[in-house]
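Below, each chain spelled out in residue letters.
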Amino acid sequence: MKSRHKKLALIGGALAIVGIIAALVLNALNSNIALYISPTDVAEGKAPQGKAFRIGGLVKEGSLQRQADGVTIAFVVTDTAKDMTVHYKGILPDLFKEGKGVVAQGKLAADGSFTASEVLAKHDENYMPPEAAKAVDDAQKAANKHVSPSSVSQPKASY
């Protein structure tokens with residue numbers, strides 16, 4: 001073999017190895033990625049079926065239900081437009097409270113509820129995950145668009 005053919009074979013082999021490594025890394029990353037989806041997106045059917053994803057928003061006031069075993073919990077996550085029931089078995093974070101931000105990772109159950117494998121709570125008074133904050137803001141803007149100016153009573157000026 002000529003020196004030129006050896007170099008081409010070496011370059012081709014190196015490119016093949018780099019391609020295989022890149023494919024393996026991308027496959028590993030793709031299987032570990034959990035997309036964020038709001039309750040509104042889930043209600044619209046945008047949630048991946050049979051695949052883990054994250055849902056976030058606010059824990060609805062008065063929705064927390066604990067079972068007798070103390071570790072089985074159900075609560076409702078809302079983005080103020082749509083609500084979704086979340087079932088979780090485990091210990092909740094200390095900062096988990098009704099009316100505060102939460103992100104749960106898990107899968108959609110057959111009955112349409114969400115079965116969480118992990119629940120994350122906010123870490124300070126002003127924090128909400130960016131995706132959850134955006135979903136809540138979008139839902140509130142959509143709700144405000146549905147209120148027409150003619151349906152809001154305007155006070156009459158008196159002089």
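Our structure's up above, just so we're on the same page.
Note that the structure is predicted; figures quoted are calculated from it, not measured.

**Examining the nonpolar core**
- Among the nonpolar cores identified, the biggest contains 20 residues, and Val 42, Phe 53, Phe 75, Phe 114 and Val 119 are the most heavily contacted of them.
- Mapped by element, the contributors of at least two residues to this core are β2 (53-59), β4 (72-78), β5 (83-89), β6 (101-108) and β7 (114-121).
- Residue contacts for Phe 75: discarding those within four places in its chain leaves Val 59, Ser 63, Leu 64, Met 84, Thr 85, Val 86, Phe 96, Val 102 and Val 119.

**A short note on the pattern of salt bridges**
- A complete count under the given rule lists three salt bridges for this structure.
- Its salt-bridge partner being Asp 83, residue Lys 60 comes within 2.6 Å of it at the nearest N-O pair. Here the residue Lys 60 occupies a position in the loop between β2 and β3 (65-66), and Asp 83 occupies one in strand β5, the gap between them amounting to 23 residues.
- The partly exposed category is assigned to Asp 83, whose relative accessible area is 41%.
- Among the ionic contacts, a cluster of salt bridges with common partners joins Asp 41, Glu 44 and Lys 46.

Rules behind the numbers
- Residues numbered from 1 in each chain as written.
- Predicted model: local features only at pLDDT ≥ 70, side-chain atom pairs only at ≥ 80, totals over all residues.
- Heavy atoms only, no water.
- Core = buried A, V, L, I, M, F, W, Y, C linked by side-chain atoms within 4.5 Å.
- Buried < 20%, exposed > 50% of the residue type's maximum accessible area, 1.4 Å probe, protein only.
- Helix = DSSP H or I, 4+ residues; strand = E, 2+ residues; numbered from the N terminus.
- Contact = heavy atoms within 4.5 Å.
- Salt bridge = Lys/Arg side-chain N within 4 Å of Asp/Glu carboxyl O.

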